Amino acid sequence: MNQHARIDRTPIPFIDVAAQRRRLGGRIDAAVARVLAHCQFILGPEVRTLEAALAEFCGARHAVTCASGTDALALVLMAKGIGPSDAVICPSFTFCATAEVVALVGATPVFADVDAATFNIAPDSAARAVATARRAGLTPRMIIPVDLFGLPADHEAINALAAAERLFVLDDAAQGFGGVAGNRNVGTLANATATSFFPAKPLGCYGDGGAVFTDDDDMREIVASLRVHGHGADKYDNVRIGLSARLDTIQAAVLIEKLKIFPDEIAERNRIAQRYGQALGDVVMVPAVPKGLVSVWAQYTVRIKAGTRAAFAAALKAEGIPTAIYYPKPLHRQQAYRHYPSADGGLPVSDLLADEVISLPMHAYLDEATQDRVIAAVRRAVGQCSTAF
Ligand SMILES: Cc1ncc(COP(=O)(O)O)c(C=O)c1O
């Protein structure tokens, strides 16, 4: 019998948002209905309830919700008064929003390279980026490590660098909320943390949303003011230039319900990642999780030989398995960012990863039979496309 005739090619989702909806649908519908009944759509009671629950979840003193992960980053930069002549160190291998907010406030992003095993900012390159910034006549004021694909960055090393160089550390945890480093949660690993509740994120809402975490009372006050046009004593008292960046009450109601099952989902994601690692570690380069860290697996990203990726993705697609490339071009190669400085020595790992990475389906509802299909398809594609290094 023809082997191909037995392969199930029914398309599967990359992230199955609908599966979670089936589990939680009734509770979320009821929570949204309560908002529709009380009609406090902006900064209603659910927003405060969610902020308290988020802060308790991660152990931060304060959580201030806002309209997106990008706004969360921008609010912290604005609160710190970052602007022209300031440099902010960030990785090149990340989503554009990390550096975009720096440019938006008029400061200069200075790109650092990442570590080939963790994909996160490399402390030695970050140190070189600080020197690069100074030589360019800029004042290095902040560093933004990114918890890429859900894995906490090397915060210990970054905090040590920041202490030596007097930098403020803003953790871009858009992909990493729920992660753990040692006995501390993401949200408490830096001076301030920004996360995103975009629907595809590990903790996502049904639209856009984000939050800032901090232990600093003053930072909490300023961020809360900035998210509503820089208000003072009341909303018609304007004490600083701000944004319109509130989280909708309906999104808060959705997130309150989702946060209740988030620990269970994180455990599922880790079980699924471990299965991928065991089944694929001999045929592709599977992601490494350093000792003491817990990832939330926003993405499950493997590496294959450069030049083989298009064929590999096509072979998987032919079996109904979607893939994604995060990220095909590092920021220091992007038209909008390539004029900004990069750390001395260049960013060879960011360039390499951009050619080698490919992400496989990953979500908390990936059942074993479906995951086995992905695994079998990957193993077949590896053979067909000569992806081995
Ligand atoms: C690393 C990183 N930073 C920032 C953001 C921005 O978040 P949002 O899309 O909620 O504005 C994202 C979202 O994709 C991200 O992945």
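Quick caveat, the model's predicted, so the values are computed rather than measured.

(A) Here's a closer look at the packing of helix α2 (residues 45–58) against helix α8 (residues 249–280). Following both chains from N to C, one finds α2 and α8 inclined at 25°, their axes separated by 8 Å at the closest point. The angle between α2 and α8 falls in the class roughly parallel. Crossing of α2 against α8: the hand is left-handed. Between α2 and α8, the contacting residues are Glu46, Val47, Thr49, Leu50, Ala53, Leu54 and Phe57 on the first element and Thr249, Ala252, Ala253, Leu255, Ile256, Leu259, Phe262, Pro263 and Ile266 on the second. Its residues assigned to classes, the contact of α2 with α8 comprises 13 nonpolar, two polar and one charged.

(B) Layout of the site of the ligand. Taken together, 15 residues surround the ligand, and among them Gly69, Thr70, Asp172, Ser196 and Lys201 come closest. Here an oxygen atom of the ligand sits 2.7 Å away from a polar atom, N or O, in the side chain of Lys201. Bound to the protein, the ligand loses 91% of the 390 Å² it would expose on its own. Secondary-structure elements contributing two or more residues to the shell around the ligand are α3 (69–79) and α4 (97–104). If one sorts the elements of the shell around the ligand by residue count, α3 sits on top with three residues. Within the shell around the ligand, the residues separate by chemical class into five nonpolar, eight polar and two charged.

(C) Structural view of the pairing of strand β5 (residues 168–172). Counting buried positions along β5 yields five of five residues, so the element is predominantly enclosed. Burial of β5 is two-sided: the residues Phe168, Leu170 and Asp172 facing one way and the residues Val169 and Asp171 facing the other way are all buried. Here two bridges tie strand β4 (residues 139–143) to β5, and the two strands are oriented parallel to one another. Across the sheet, Ile143 pairs through a bridge with Val169, a residue of β5.

(D) Structural detail: a nonpolar patch on the surface. On the surface, Leu36, Phe41 and Ile42 cluster together to form a nonpolar patch covering roughly 280 Å² of accessible area. The topology assignment puts Leu36 in helix α1 (residues 17–38).

(E) Expanded view of the environment of Arg9. Tracing the chain through its elements places Arg9 in the segment before α1. The spatial distance from the C-alpha of Arg9 to the C-alpha of Leu316 is 9.4 Å, given a sequence separation of 307 residues. Side-chain polar atoms of Arg9 contact the backbone oxygen of Ala318, separated by 3.2 Å.

(F) Up close: the packing of aromatic side chains. Per the counting criterion, the structure on display carries 15 aromatic pairs. Taking 6.5 Å as the distance between ring centres and 40° as the angle between the ring planes, the aromatic pair formed by Phe95 and Tyr327 counts as tilted. Highlighted residues: Phe95 in the loop between β2 (86–91) and α4 and Tyr327 in the loop between α9 (309–317) and α10 (348–356), separated in sequence by 232 residues. A relative accessible area of 11% means that Tyr327 is categorised as buried.

(G) Inspection of the sheet that holds β4 at higher detail. Judged by pairing direction, the sheet is mixed, and its seven strands sit side by side in the order β1-β9-β8-β5-β4-β2-β3 without closing on themselves. With one partner strand each, in any of the chains shown, β1 (62–66) and β3 (108–112) form the two edges of the open sheet. Direction aside, the axes of adjacent strands within the sheet are offset by 30° on average. Of the strands in this sheet, β1, β5, β8 (192–196) and β9 (210–214) are in contact with helix α7 (residues 217–226), which crosses β1 at around 15°.

(H) Region of the structure containing unusual backbone geometry. Along the chain, Tyr326 connects to Tyr327 via a cis peptide bond; the corresponding omega equals 5°. In this model, Leu43 sits at a positive phi of 50°, which is unusual for a non-glycine residue. Note that Leu43 resides in the loop between α1 and α2. Take Leu43: its relative accessible area is 28%, and that puts it in the partly exposed class.

(I) Focus on the pattern of salt bridges. Under the counting rule described, the total for this entry stands at 20 salt bridges. Residue Arg134 is joined to Glu165 by a salt bridge in which the shortest nitrogen-to-oxygen separation is 3.0 Å. Placement of the pair is Arg134 in helix α5 (residues 123–135) and Glu165 in helix α6 (residues 155–165), with a sequence separation of 31 residues. You can call Arg134 partly exposed: its relative accessible area is 43%. When its relative accessible area of 23% is taken as the criterion, Glu165 is described as partly exposed. Of the charged contacts, one joins Glu356 and Arg303 as a salt bridge, the two residues approaching to 2.8 Å between their closest N and O atoms.

(J) Region of interest: the nonpolar core. Membership of the largest hydrophobic core comes to 51 residues, with the highest contact counts inside it found for Ile89, Met142, Ile143 and Leu170. With near-sequence residues (within four places) excluded, Leu170 lies in contact with Leu73, Val76, Met142, Ile143, Ile144, Pro145, Ala192, Thr193 and Ala194. Core analysis: the next-biggest nonpolar cluster, separate from the first, contains 27 residues, Val283, Ile304, Ala313 and Ala377 among them.

(K) A look at α2. Counted at 1.5 Å a residue, the expected span for α2 with its 14 residues is 20 Å, and the 21 Å between its end C-alpha atoms agrees. Taken as a whole, α2 has its buried residues at Glu46, Val47, Leu50, Glu51, Leu54, Ala55 and Cys58. Down the axis of α2, the buried set is contained in an arc of 165°. They therefore lie on one face. Facing away from the buried side of α2 by more than 90 degrees, the exposed set consists of Arg48 and Glu56. Contacts from the buried residues of α2 go to α1, β1, β7 (184–185), β9 and α8. Note on α2: the residue one or two positions beyond its end, Gly59, has a positive phi of about 90°.

Definitions and cut-offs
Residues numbered from 1 in each chain as written. Predicted model: local features only at pLDDT ≥ 70, side-chain atom pairs only at ≥ 80, totals over all residues. Heavy atoms only, no water. Axes fitted to C-alpha atoms, helices over the stretch in contact; angles between N-to-C directions. Helix = DSSP H or I, 4+ residues; strand = E, 2+ residues; numbered from the N terminus. Parallel < 35°, antiparallel > 145°, perpendicular 65-115°, else oblique. Left-handed = near helix turned anticlockwise from the far one by under 90°. Contact = heavy atoms within 4.5 Å. Nonpolar A, V, L, I, M, F, W, Y, C, P; charged D, E, K, R; others polar. Near = heavy atom within 4 Å. Polar contact = N/O pair within 3.5 Å; in protein donor to acceptor, adjacent residues only side chain to side chain. Areas by Shrake-Rupley, 256 points an atom, 1.4 Å probe, with all protein chains shown as cover. Buried < 20%, exposed > 50% of the residue type's maximum accessible area, 1.4 Å probe, protein only. Pairing = 2+ DSSP bridges. Patch = residues over 30% accessible without salt bridge, like charges linked within 9 Å, V, L, I, M, F, W, Y side chains within 5 Å. Salt bridge = Lys/Arg side-chain N within 4 Å of Asp/Glu carboxyl O. Phe/Tyr/Trp six-rings, centres within 6.5 Å; stacked < 30°, edge-to-face > 60°. Core = buried A, V, L, I, M, F, W, Y, C linked by side-chain atoms within 4.5 Å. Expected span 1.5 Å × (residues − 1). Arc of directions from axis to C-beta.

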